Every structure is written in C-alpha cells, then in structure tokens.
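Overview (structure and organization)
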Amino acid sequence: MTDRYAVIGNPIEQSKSPLIHTAFAQVTGQDIDYGKLLGPLGEFAATVDAFRASGGRGMNVTAPFKLDAFAYATDLAPGALMAGAVNAMKFEGDRVLAENFDGVGLVRDVVHNLGFPLQGRRVLILGAGGATRGALLPLLAEQPAELVIVNRTVAKAQELAALAHRHQSGQVPVTALGYEAVQGVFDVVFNATSSSLTAELPPLPASVFASGCLAYDLTYGKGLTPFLKLAQQAGVTHLADGVGMLAEQAAEAFVWWRGVRPDTKAVIQKLTVPLE
C-alpha cells in the first residue's frame with residue numbers, strides 16, 4: 001500500500017520537496033506518494049487533521065507554518081524544542097511526533113558533502129532568527145573553537161548565545177555581537193539572514209574571511225549572492241549555497257519516516273544553480 005506524505009506551506013508552488021522525496025523513494029525502493037499542500041492561513045490544524053484522516057503518514061512544514069506545527073505537535077524532539085519551530089512531522093495514531101532537521105542538514109552538508117570539518121574552527125553566523133536558532137545545537141556538537149553570532153539587533157543575538165550556553169554548559173564559547181563589533185578572522189562564515197532573498201548585503205567587513213575560509217549562504221538557488229560575492233572578492237574560494245542543506249534536511253526526514261537513508265548526490269546536482 002502506498003504511504004502518503006506531503007509538504008505544507010503558503011505559498012507552496014515553489015517547493016522542491018516533492019521532487020526530492022520522489023527521487024529518494026525511487027533510489028531506495030520505497031512506495032510513497034508525496035505531494036504539495038497549500039495551507040490556508042489560520043487553518044493549519046484543520047488542514048493537517050484532514051490529511052491525517054485521509055491516511056497521511058507524515059509532513060514537511062515550510063513557511064509560514066513552522067510555529068503552528070510546533071504548537072500542533074504532541075511529542076517535540078530536542079531539535080524542535082531548541083529551534084522553537086518544526087519542519088517535519090510523523091503521525092502515529094493520536095501522536096504527532098515533531099522534529100526540526102534544518103540544523104542537522106546544514107552540518108551534514110558542510111562536514112560530509114563539502115568535506116569541511118568544523119571541529120576547532122572559528123565560526124561566524126550572521127543573523128539571529130529561526131535558521132540560526134535551529135542550527136545552534138548541531139553546530140555546537142561539532143566542537144568548533146568558537147561560535148560568534150552577529151545581528152543588527154544585538155539583544156536577539158544575546159538571547160541565542162544565552163540559549164546555547166544553557167544547552168551545552170559553556171564547552172564552546174558563544175559570543176553575540178553587532179556587525180560593527182566583529183573583529184578577527186573566521187574559518188567558516190554562514191549567512192543565515194534573509195538578505196540574499198532581496199539581493200542585499202549584510203553590513204559585514206570583508207576582513208572577516210580567513211585564508212581557506214568557507215563562505216556558506218543558507219539561501220539556495222540565487223547564484224552568486226551579494227554575500228558570496230563579497231567573500232569571493234575577499235579571496236575566498238570555498239563558496240556554497242544552501243542547496244545541500246535543503247537536500248540533507250530532507251534526507252533526515254526521509255530516514256526518520258522510512259528507516260533508510262537515501263544518497264543525496266543526484267538531488268543536489270539536479271538542484272544546483274551555478275555560483276556565478
């Protein structure tokens with residue numbers, strides 16, 4: 001019997017999740033049907049209830065419903081609790097198990113796909129929104145030498161730094177700064193702001209990029225964004241966007257649902273937009 005899954009969002013036409021999960025099902029021999037579900041604003045719970053009633057087994061969750069999914073869940077995994085948001089759900093009877101795989105997907109892309117270990121590295125992350133919050137635990141688990149969160153509103157960055165310290169007992173120093181206070185060079189710089197969606201550049205000095213640095217924009221499919229262009233002009237040769245993160249968080253959900261890990265290489269190649 002074919003098991004049903006879907007991604008819910010509003011808008012939803014742009015989602016690559018059906019393409020990704022259908023490809024994963026083909027290479028792993030899993031019998032699933034994966035579709036897109038446009039969720040009317042204010043009707044998240046009713047829409048998910050109807051999908052579950054029709055036999056749905058699980059869902060991915062995209063904007064603007066990640067907080068609605070957090071409230072809807074009955075069982076929140078540590079990653080979802082830390083992120084304060086949910087991007088995957090699994091339905092087991094009356095239970096709604098909820099996860100957030102964005103941060104795990106990011107780390108897996110950097111460490112496994114790009115071959116760039118984070119242990120002992122100085123890491124800078126731009127932005128203090130949901131993407132950064134969701135990435136904190138997976139990033140800290142890699143034991144970087146230091147993690148610096150920079151944000152226009154320093155108080156938001158300070159909240160995340162305090163959250164990080166509570167969850168990992170201060171083993172990795174986590175610092176919160178405004179852009180004007182950033183000093184020194186970093187081995188990895190993540191742009192977790194929404195600036196690349198509007199082709200804007202965060203107010204970041206080009207001097208932050210160390211020799212051999214990885215510059216990683218969590219936005220995907222936008223080519224050489226202003227952030228990546230700044231890094232390139234500063235001499236950075238390791239540039240990446242978030243397409244690998246997209247594929248890897250999807251793979252984590254697929255393993256969680258189906259118990260088998262798909263290879264992500266073909267999907268990443270299919271979705272990659274040249275950084276030029």
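Scroll up for the structure.
Residues numbered from 1 in each chain as written. Predicted model: local features only at pLDDT ≥ 70, side-chain atom pairs only at ≥ 80, totals over all residues. Heavy atoms only, no water.

1. What to know about the pattern of salt bridges
When their charged atoms lie close together, side chains carrying opposite charge are able to pair. What the rule picks out here adds up to 10 salt bridges. The closest approach of N and O atoms between Lys 66 and Asp 102, which form a salt bridge, is 3.0 Å. Of this pair, Lys 66 sits in helix H3 (residues 66–72) while Asp 102 sits in helix H5 (residues 102–113), and the two are 36 residues apart along the sequence. Across the pair Glu 248 and Arg 108 runs a salt bridge whose closest N-O atoms are separated by 3.2 Å. (Salt bridge = Lys/Arg side-chain N within 4 Å of Asp/Glu carboxyl O. Helix = DSSP H or I, 4+ residues; strand = E, 2+ residues; numbered from the N terminus.)

2. Description of unusual backbone geometry
Backbone torsion omega between Asn 10 and Pro 11 reads 5°, so that peptide bond is classified as cis. Following Ala 63, the chain continues to Pro 64 via a peptide bond in cis, the omega torsion being 5°. Mapped onto the elements, Pro 64 comes out in the loop between strand E3 (56–61) and H3. In the Ramachandran plot, Gln 143 falls in the positive-phi region, its phi being about 60° despite a non-glycine side chain. By relative accessible area, which is 38% here, Gln 143 ends up partly exposed. Phi at Ala 199 is positive, roughly 55°, even though this residue is not glycine. Tracing the sequence through the fold places Ala 199 in the loop between strand E10 (186–191) and strand E11 (209–217). (Buried < 20%, exposed > 50% of the residue type's maximum accessible area, 1.4 Å probe, protein only.)

3. Observations concerning the layout of surface pockets
In this structure, the largest pocket spans a volume of roughly 1,300 Å³. Around the largest pocket sit 43 residues that line it, and Thr 62, Ala 63, Lys 66, Asp 102 and Ala 131 are the ones nearest its centre. Sorting the residues of the lining of the largest pocket by element identifies E3, H3, helix H6 (130–141), helix H7 (154–168) and helix H9 (243–258) as the ones contributing at least two each. The dominant element in the lining of the largest pocket, judged by the number of residues it contributes, is H6, at five residues. In the lining of the largest pocket, the residues fall into 18 nonpolar, 18 polar and seven charged. Its volume calculated, the second largest pocket comes out at about 270 Å³. Residue assignment for the lining of the second largest pocket shows that the elements contributing at least two residues are H5, strand E12 (238–241), H9 and helix H10 (265–271). Per element, the largest residue contribution to the lining of the second largest pocket is four residues, and it comes from E12. A class-by-class count of the residues in the lining of the second largest pocket yields nine nonpolar, five polar and three charged. (1 Å grid on protein atoms, 1.4 Å probe; cavity = no way out; pocket = protein on both sides within 12 Å on 5 of 7 lines; lining within 4 Å. Points joined across faces, edges and corners; volume = space filled by probe spheres on them. Nonpolar A, V, L, I, M, F, W, Y, C, P; charged D, E, K, R; others polar.)

The values are spatial; any link to function lies outside them.
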